Amino acid sequence: MTNRENFGSKLGAILAAAGSAVGLGNIWRFPIETGRNGGAAFILVYIGCILLLGMPIMLSEFLIGRHTQSNTARAYQKLAPGTPWKWVGRLGVFTGFFILSYYAVVAGWTIEYAGLALFNQFDGMTERQDFEQVFTNFSSEPFLPVILLIVFILLTHFVVVRGVAKGIERWSKVLMPMLFIIIAVLVVCSVSMPKAGEGVRFLLYPDFSKVDGGVVLSAMGQAFYSLSLGMGCLCTYASYFSKKTNLAKTTLQVCIIDTLIALMAGFIIFPAAAAADYGLTPDDIGPSLIFITLPNVFQQAFSGMPWLAYIFSVMFYLLLIVAALTSTISMHEVVTSYMSEEFHLGRKKAAWVETSMSIFLGIFCALSFGALGDVKIFGQTIFGAFDWMASNICLPVGGMFIAIFTGWYLDRQLFRDEITNCGTVRAPYFKLLIFVLRYITPLAIFAIILSNFGMF
Ligand code: PHE
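Presented here is a report on the structure given in the accompanying data block.

Reading the values: rules and limits
Residue numbers here run from 1 along each chain, matching the order of that chain's written sequence. Since the coordinates come from a predicted model, pLDDT governs what is reported: local features require at least 70, and pairs of side-chain atoms require 80 or more to be given and counted, while whole-chain, interface and lining totals use all residues. Computation of side-chain values covers all heavy atoms of the structure but excludes hydrogens and water. Secondary structure counts use DSSP, requiring at least four H or I residues in a row for a helix and at least two E residues in a row for a strand, with both numbered from the N terminus. Relative accessible area decides the class of each residue, using a 1.4 Å probe on protein chains only: under 20% of the type maximum gives buried, over 50% gives exposed, and in between gives partly exposed. We call two residues in contact whenever any of their non-hydrogen atoms come within 4.5 Å of each other. Near, as used in this document, describes a residue that has one of its heavy atoms within 4 Å of the molecule or strand being considered. Polar contact is defined as a pair of N or O atoms within 3.5 Å, subject to the rule that within protein one atom must be able to donate a hydrogen and the other to accept it, and that residues adjacent in sequence are counted only when both atoms are side-chain atoms. Note that accessible areas follow from Shrake-Rupley with a 1.4 Å probe, and for residues the cover is restricted to the protein chains shown. In this analysis the probe radius is 1.4 Å and the grid spacing 1 Å, with only protein atoms considered; a cavity is a set of points the probe fits into but cannot get out of, a pocket is an open set with protein on both sides within 12 Å along at least five of seven lines, and lining residues have an atom within 4 Å of a point. More than half of a molecule's atoms within 2 Å of the grid points is what it takes for that molecule to sit in a cavity or pocket. Put simply, Ala, Val, Leu, Ile, Met, Phe, Trp, Tyr, Cys and Pro go in the nonpolar bin, Asp, Glu, Lys and Arg in the charged bin, and everything else, Gly too, in the polar bin. Working note: the arc is built from the helix axis to C-beta atom directions.

Some remarks on the environment of Val-159
Here is step 1 of the chain: Within the secondary structure, Val-159 sits in helix 7 (residues 144–161).
Here is step 2 of the chain: Judged by its relative accessible area of 6%, Val-159 falls in the buried class.
Here is step 3 of the chain: For Val-159 and Glu-333, which are 174 residues apart along the polypeptide, the C-alpha to C-alpha distance reads 9.8 Å.
Here is step 4 of the chain: If sequence neighbours within four positions are ignored, Val-159 has contacts with Gly-167, Ile-168, Trp-171 and Ile-329.

Below is the structure:
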């Protein structure tokens, strides 16, 4: 492709990739999974998954994207012309479109909750039922969630059409530091609350008796989702990296940032819940955690200081919007770059195609909490089925093929040249990396998929 854009700076590239990785997966999903699966023990298994599965696949995506300087489908066509490998890229594009459609529903909710927090609507609420009512009434409404979904996708759209340097990079440079600041302030507030120690202990005390096959599998799924792996998202971003970017270092940096933010989210949520005497029962740490449990926790924890409850909730929901936006941008970009380069549509038109398709599909997901609640796909709501399909099938399958591609198919010299920037950076881990990509990563992922079908 001629006149393809690049990220203007190394920092911009790292922040954009980290922005993709850090999202609702870290702040919403990670604490839920940690709470359900035994706290610190889960965290240790999760970190193991990041090291053994996440990092090798991320590096693979980076090198495929950077080498080919193409959208994810074209990338495989270039590296393996005339073979079916291009379908791995196409699966990624499809997954990007798919995930954006339902992810933007939850992202839309974060706008509503930021508004509720801003207008002090939680003030004076004390009972769990009150918070439940607010959530159920809102999410089952036919209009507002749909409108907010559209607003969120349009917000994403306008960043994406600005292009790589002026849109994605510039916004990531503003939004990511903002996110760090908000999250750091929230951690400090949370752990300094009275009785927060109990929540901290929950996060730091590993109870290995809880670790079974299911826990390991959840940790692997969470690693994929959180690192945005398996759908060519980071491959697309890497196609805008400069030839000087050190891919292994960038992989390490993105993984560290993503894991730190997830841990920090844990240090916000569990101490706050403990401080509010909320009792961490598995029911409370389900998907409603940040929309029902947390506002309640904020109100209770700061019952003597309503202004602090106000600031805490406004900041938290703003943080969620920011985190979700940098992730939706990356999903949108996968599809937009594919459409614009493969169908010669131009960036603007391509972005409109993706925006309209995702809004269309997203409406069904948004309505599946109300008007379309009775429509079931394999026994789940539309939203539930989409989430299940994307995180349990599409991402792991994509990741497995990426590992097989780089481990078994890709030319070894090309691989080495790409990660060493043609010999200018050392890569003493090369042999180990190839071994992991050939055997460990694909087999482990295969196990996730089989377990999802209840095969063992
Ligand atoms: N990693 C994002 C998050 O944690 C979600 C995501 C998945 C983004 C797949 C892009 C691709 O929220």
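Looking at the site of the ligand
Here is step 1 of the chain: Around the ligand, a shell composed of 15 residues is seen, among which Ala-21, Gly-25, Tyr-103, Tyr-225 and Ser-228 lie nearest.
Here is step 2 of the chain: With respect to the ligand, the backbone of Gly-25 contributes an N or O atom lying 2.8 Å from an oxygen atom.
Here is step 3 of the chain: The separation between a nitrogen atom of the ligand and a polar main-chain atom of Tyr-225 is 2.8 Å.
Here is step 4 of the chain: In the complex, 100% of the free accessible area of the ligand, which totals 320 Å², lies under the protein chains.
Here is step 5 of the chain: More than half of the atoms of the ligand fall within 2 Å of the grid points belonging to the largest cavity.
Here is step 6 of the chain: Within the residue set of the shell around the ligand, elements represented by two or more residues are helix 1 (10–21), helix 2 (24–36), helix 10 (213–226) and helix 14 (306–342).
Here is step 7 of the chain: When grouped by side-chain class, the residues that make up the shell around the ligand number seven nonpolar, eight polar and no charged.

A few points about the side chain of Glu-61
Here is step 1 of the chain: Inspection of the secondary structure puts Glu-61 in helix 3 (residues 40–68).
Here is step 2 of the chain: A polar contact of 2.8 Å, which involves the side chain of Glu-61, links it to the backbone nitrogen of Gly-230.
Here is step 3 of the chain: Leave out the neighbours within four places in its chain, and Glu-61 touches Leu-229, Gly-230, Met-231, Gly-232, Cys-233, Leu-234, Cys-235, Ala-238 and Ile-402.

Things to note about helix 17 (residues 412–419)
Here is step 1 of the chain: For helix 17, the full list of buried residues reads Leu-414, Phe-415, Glu-418 and Ile-419. Down the axis, helix 17 shows its buried residues gathered within 120° of arc, on one side only.
Here is step 2 of the chain: Just downstream of helix 17 lies Asn-421, where phi reads positive at about 50°.

All quantities given are derived from atomic positions and should not be read as evidence of function.
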